[in-house]
Amino acid sequence: MLSTSGSKMPPAGTSPLTTEAAIRTRVEVPVNLSDGSWRTAEMISFSGLADGREHIAVVFPSARSVPLVRVHSECLTGDVFGSARCDCGPQLTEVVDLFAESGGILLYLRQEGRGIGLYNKLDAYRVQDDQGLDTFAANRELNFSDDLRDYLVAAQMLRALDVPRIRLRTNNPDKVGQLRGYGIGVEEVIPTGIHRTERNHDYLRVKAEQGGHTIELLGESI
Ligand SMILES: [Zn+2]
């Protein structure tokens, strides 16, 4: 059952132990950072992921026994083209820069548009523009729930990487609740930066008010 607030728990009977994934390929990839420098990351693919999609882990070496982890859901418009309708692009850049410096694991999940897919996300943008609806209302107008994202695959990937305990960078309590429900020990929750601009502040406000995200600018101009 999905809701607009609180955490979704895994479906009854779901056990992480019955849905094991395995590492398929590990390969080194030079990654460009925002200052123009390059760092080598290891990109890792998996077999046996529950939804059959091609999610990857991008791993920067870390000396910590409990690594920093960011679970980032794909946003083609923001990640690749720098769309100012959301804050995904700056969030991704921030975490890649940070992990390149201090180590960490980025789980890049292919669940565009809070799980509704790219085409449906563009439809929802159209509805937002035409009807003045916010991001959640537009999804509901198209008969989607507010947030279809499921983090079972993230838990599977961490387990395959032999990382049962993490420090999670997120403002989204749903990620914390789901990962814990799937058996991952989230030992610390570290908020991400807030990337507010004139064009995305309504989106961030709605994400905080309706999506339950802990975004710290509510008392200010957001
Ligand atoms: Zn986005």
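Just above, that's the structure.
Residues numbered from 1 in each chain as written. Predicted model: local features only at pLDDT ≥ 70, side-chain atom pairs only at ≥ 80, totals over all residues. Heavy atoms only, no water.

In this structure, Cys75 (SG), Cys86 (SG) and Cys88 (SG) serve as the protein donors to the zinc ion, at separations of 2.2 to 2.3 Å. Site description for the zinc ion: donor spacing in sequence, C-x10-C-x1-C. Considered together, cysteine 86 and cysteine 88 belong to a single accessibility category, that of buried residues. (Donors = N, O, S within 2.8 Å, 3.2 Å for Na, K, Ca; no water. Buried < 20%, exposed > 50% of the residue type's maximum accessible area, 1.4 Å probe, protein only.)

This part covers the nonpolar core. In terms of nonpolar packing, the biggest core is built from 27 residues, with Val71, Leu107, Ile166 and Leu179 touching the most fellow members. Within the residue set of this core, elements represented by two or more residues are β2 (38-47), β3 (56-60), β4 (68-73), β5 (104-109), α5 (152-160), β6 (165-169) and α6 (173-181). Ranked by residue count, the leading element in this core is α5, at 6 residues. Residues contacting isoleucine 166, with those up to four places away along its chain left out, are Val66, Pro67, Val69, Leu158, Leu179, Ile184, Gly185, Val186, Glu187 and Glu188. (Core = buried A, V, L, I, M, F, W, Y, C linked by side-chain atoms within 4.5 Å. Helix = DSSP H or I, 4+ residues; strand = E, 2+ residues; numbered from the N terminus. Contact = heavy atoms within 4.5 Å.)

Attention now goes to the packing of aromatic side chains. In the structure shown here, the tally under the stated rule is 0 aromatic pairs. The aromatic ring of tyrosine 125 is capped on one face by arginine 85, whose charged end is 4.1 Å from the ring centroid. (Phe/Tyr/Trp six-rings, centres within 6.5 Å; stacked < 30°, edge-to-face > 60°. Lys NZ or Arg CZ within 6 Å of the ring centre and 35° of its normal.)

Here we come to a nonpolar patch on the surface. A grouping of Leu76, Val80 and Phe81 is seen on the molecular surface, where their side chains present a nonpolar patch of about 310 Å² in accessible area. Inspection of the secondary structure assignment puts leucine 76 in helix α1 (residues 76-80). (Patch = residues over 30% accessible without salt bridge, like charges linked within 9 Å, V, L, I, M, F, W, Y side chains within 5 Å. Areas by Shrake-Rupley, 256 points an atom, 1.4 Å probe, with all protein chains shown as cover. Salt bridge = Lys/Arg side-chain N within 4 Å of Asp/Glu carboxyl O.)

Let us now look at the environment of threonine 19. Note that threonine 19 resides in the segment before β1 (22-32). Taking the C-alpha atoms as reference points, threonine 19 and alanine 155, 136 residues apart in sequence, are found 9.7 Å from one another. What threonine 19 contacts, discounting residues up to four positions off in sequence, is Leu152 and Gln156.

On to the environment of phenylalanine 46, then. Tracing the sequence through the fold places phenylalanine 46 in strand β2. Each C-alpha atom of the pair phenylalanine 46 and methionine 157 lies 7.3 Å from the other, and the pair is 111 residues apart in sequence.

Attention now goes to the sheet that holds β5. The mixed open sheet is built from 7 strands, whose spatial order is β1-β2-β3-β5-β4-β6-β7. Edge strands, defined here as strands with exactly one partner in the open sheet, are β1 and β7 (185-190). On average, each strand axis in the sheet is inclined to that of its neighbour by 30°, with strand direction left out of account. Bridge count between β4 and β6: 2 bridges; the pairing is parallel. Directly across from leucine 68, in β6, lies its bridge partner arginine 167. In the packing of helix α2 (residues 88-102) onto the sheet, contacts are made with β1, β2, β3, β4, β5 and β6, and the angle to β4 comes to roughly 155°. Strands β1, β2, β3, β4, β5 and β6 of the sheet are contacted by α5, whose axis makes an angle of about 140° with β5. (Pairing = 2+ DSSP bridges. Axes fitted to C-alpha atoms, helices over the stretch in contact; angles between N-to-C directions.)

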